[in-house]
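# Overview (structure and organization)
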Amino acid sequence: MHRNLKTVSTKQRRIAELARQSPEMDFTSLAYFMDIDWLFEAYRKTRKSGAVGVDGVTAAEYEQDLEGNLRRLLDRAKSGSYRAPPVRRVYIPKGSSSTEVRPIGIPTLEDKILQRAVVMLLEPIYEQDFLDCSYGFRPGRSAHMALGMLRKQAMTAGGGWIVEVDIRKFFDHLSHKHLREFLQRRVRDGVLQKLIHKWLKAGVMEDGNVSYPDAGSPQGGVISPILSNVFLHYVLDAWFEEEVKPRLAGPAFLIRFADDFAIGVRTERDAHRIMEVLPKRFAKFGLTVHPDKTRLVCFRSPSLPSDEAGNSRERPETFDLLGFTHYWGKTRKGNWAVKRKTASSRFGRAVQSIAQWCRLNRHRPVSEQHFKLRQKLHGHYAYYGINGNHAALQRFYHEVHRRWFKWLNRRNRQRELSWDLFNALVKRYPLPVPRIVHRLT
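Read on for an overview of the structure. (Residues numbered from 1 in each chain as written. Predicted model: local features only at pLDDT ≥ 70, side-chain atom pairs only at ≥ 80, totals over all residues. Heavy atoms only, no water.)

Right, let's talk about the overall build of the protein for a bit. Assigned secondary structure in the protein consists of 15 helices and 11 strands. The principal-axis extents of the C-alpha atoms in the protein amount to approximately 70 × 65 × 40 Å. Every one of the 441 residues in the protein was classed for burial, and the buried ones make up 48%. Put simply, of all contacts in the protein between residues at least 6 apart along the chain, 71% involve residues at least 24 apart. For the protein, the exposed area adds up to about 22600 Å²; of that, 48% sits on carbon and sulfur atoms. Of the charged side chains in the protein, 75 are positive and 46 negative, and the gap between their average positions amounts to 7 Å. (Helix = DSSP H or I, 4+ residues; strand = E, 2+ residues; numbered from the N terminus. Buried < 20%, exposed > 50% of the residue type's maximum accessible area, 1.4 Å probe, protein only. Contact = heavy atoms within 4.5 Å. Areas by Shrake-Rupley, 256 points an atom, 1.4 Å probe, with all protein chains shown as cover. Lys, Arg positive; Asp, Glu negative; His and termini not counted. Charge placed at Lys NZ, Arg CZ, Asp CG, Glu CD.)

So, in structure tokens, the structure goes:
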């Protein structure tokens, strides 16, 4: 059914304009913008191929009376009678291990639609407030943009010192009390406040039992990323920009993607001051900095002279962020530059995941295996295919061949597969060679 979706974008631009013109204004009537066209657009943006929630309703069933269902959903949301159902919890393999699993939450389709509709109201406001250091789950921003800016900042500063931080189970420990306080600075609309409160308290269903966590973002909900960004905007980003940087002796920068972030400073003294104050800052809002995974890294360029303390490192340390190890290396012209390669933990996890898949699917037709392995390699290149990382991509490409050969060889114990036969098979079913997808400069 055709809807006038231009009115939705027009309303979003109006909200953004108001938020930009009045950075201190709190919005009291946002739900006014949410009408049936708004919900149609939210439905269009909602992923419909995922697993079903606790109600068992599929997108195909919902679409049998789509307009009627959306109108009833809109009425319940605005009247306050909407009840957020529990999120269905399932477990998927964690990384490379077949024994370790991690929980994920699956909301109902209606929950996804309504959460998307609320995100469409919040996003125009907070996109005016969020700082440039934040890259995660924001329109027009990506992890690769964060990596590019991190390199630029580190190169400009000559490396300096990096504070590598790990927040322990951030999405599980996000304080509902503090989140509501942060939201009220900009959003005082009663309809939205009630909906967000219901999602925070909706509970999790597992094996027929429902539990109600006291903290954490809505599991699996499309609203979780923006709520998390709002929380860390006030706890970290704005605090660092407004209170920390003015007190430092030298320049500093922060790069954050969701709850992964790194801080760069010029001097070791500033780095130690930040290391001392960060745990106290997070503890104030119910969060914990992981003591073993949070560390101070000397990342000074080897081209620089000794620092103010007389320290000089021929081989600076490295640090990991967003799946890459960052290190200093020589360019073709002989200059020192910040380079990136696939982090060893991510590389090993990816190889083990391929090996696990090949083992479980070794009896499938070779053409099917080839199709899936092509998809997996393309997916790997799509993220890790950045300039300077070709060697790691090439190594991954060869490791995939080795794992595929190993498990094809084991599917028929009576007939051993030689490398010559395997190479002939690979000529018929070639795997995609490494390629650079992102040129981050």
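And the narrative resumes.
Adjacent strands of a sheet form backbone hydrogen bonds with each other and so pair up, either parallel or antiparallel. The 3 strands lie next to each other as β9-β10-β11, forming an open sheet whose pairing is antiparallel. Edge positions in the open sheet fall to β9 (319–321) and β11 (336–342), since each of these has one partner strand only. Sheet twist, expressed as the mean angle between neighbouring strand axes with direction ignored, is 40 degrees. In terms of strand pairing, strand β10 (residues 324–330) meets β11 through 7 bridges, oriented antiparallel. Counted as the bridge partner of Tyr327 is Lys339 from β11. (Pairing = 2+ DSSP bridges. Axes fitted to C-alpha atoms, helices over the stretch in contact; angles between N-to-C directions.)

Turning our eyes to something else, we now look at helix α14 (residues 390–409). In this model α14 runs 29 Å from its N-terminal to its C-terminal C-alpha over 20 residues, within 8% of the 28 Å that 1.5 Å per residue would give. Turning to α14, its buried residues are Ala392, Leu393, Phe396, Tyr397, Glu399, Val400, His401, Arg403, Trp404, Phe405, Trp407 and Leu408. (Expected span 1.5 Å × (residues − 1).)

Moving on, we come to the side chain of Thr342. Turning to its location among the elements, Thr342 is positioned in strand β11. In this structure the side chain of Thr342 is engaged in a polar contact, spanning 2.9 Å, whose partner is the side chain of Asn389. (Polar contact = N/O pair within 3.5 Å; in protein donor to acceptor, adjacent residues only side chain to side chain.)

Following the criterion strictly, the structure yields 20 aromatic pairs and no others. A cation sits over an aromatic face here: Arg141 above Tyr135, 4.6 Å from the ring centre. (Phe/Tyr/Trp six-rings, centres within 6.5 Å; stacked < 30°, edge-to-face > 60°. Lys NZ or Arg CZ within 6 Å of the ring centre and 35° of its normal.)

Residue placement: Ala252 occurs in strand β6 (residues 252–257). Residue contacts for Ala252: discarding those within four places in its chain leaves Phe240, Lys245, Gly264 and Val265.

Where helix α2 (residues 36–45) meets helix α5 (residues 109–129), the closest approach of the two axes is 8 Å, and the angle between their N-to-C directions is 115 degrees. When the interaxial angle is binned, α2 and α5 end up roughly perpendicular. With respect to the hand of their crossing, α2 and α5 are arranged in right-handed fashion. Judged by residue contacts, Trp38, Leu39, Glu41, Ala42, Tyr43 and Lys45 of α2 engage Leu109, Ile113, Leu114, Arg116, Ala117, Met120 and Leu121 from α5. (Parallel < 35°, antiparallel > 145°, perpendicular 65-115°, else oblique. Left-handed = near helix turned anticlockwise from the far one by under 90°.)

Time to look at unusual backbone geometry. Unusually for a residue other than glycine, Lys169 sits at a positive phi of about 45 degrees. For Lys169, the location among the structural elements is in the loop between β3 (161–165) and α7 (170–173). Despite not being glycine, Ala258 has its phi angle at roughly 55 degrees, a positive value. Structurally, the position occupied by Ala258 is in the loop between β6 and β7 (260–265).

Among the structural elements, Gln12 can be located in helix α1 (residues 6–21). Setting aside its immediate chain neighbours within four residues, Gln12 contacts Trp38, Met120 and Pro124.

At a minimum axis distance of 11 Å, the contact between helix α12 (residues 344–360) and helix α13 (residues 366–384) shows a crossing angle of 170 degrees. If you check the angle between α12 and α13, you find them roughly antiparallel. For the pair formed by α12 and α13, the contact residues are Arg346, Ala350, Ile354, Trp357 and Cys358 on the first element and Gln369, Lys372, Leu373, Lys376, His380 and Tyr384 on the second. Residue composition of the contact of α12 with α13, grouped by class: 6 nonpolar, 2 polar and 3 charged. (Nonpolar A, V, L, I, M, F, W, Y, C, P; charged D, E, K, R; others polar.)

So, on to the layout of surface pockets. In this structure, the second largest pocket encloses a volume near 410 Å³. Taken together, 17 residues form the lining of the second largest pocket, with Arg185, His233, Tyr234, Ala238 and Glu242 sitting closest to its centre. Ranked by residue count, the leading element in the lining of the second largest pocket is helix α10 (residues 224–244), at 7 residues. The residue makeup of the lining of the second largest pocket, split by class, is 8 nonpolar, 1 polar and 8 charged. (1 Å grid on protein atoms, 1.4 Å probe; cavity = no way out; pocket = protein on both sides within 12 Å on 5 of 7 lines; lining within 4 Å. Points joined across faces, edges and corners; volume = space filled by probe spheres on them.)

Here we take up the sheet that holds strand β8 (residues 295–298). The strand order across the open sheet built from 4 strands is β6-β7-β3-β8, with neighbouring strands paired in antiparallel fashion. Strands at the two margins of the open sheet, each flanked by one partner only, are β6 and β8. Strand-to-strand twist across the sheet, computed as the mean angle between neighbouring axes with direction ignored, equals 20 degrees. As paired elements, β3 and β7 share 5 bridges and run antiparallel to each other. Note that in β7 the partner of Ile162 across the bridge is Gly264. Each of β6 and β7 is contacted by α10, which is oriented at about 170 degrees to β6, the strand it contacts most. Relative to the sheet, helix α11 (residues 268–283) contacts β3, β7 and β8, its axis offset from that of β3 by approximately 20 degrees.

The values are spatial; any link to function lies outside them.
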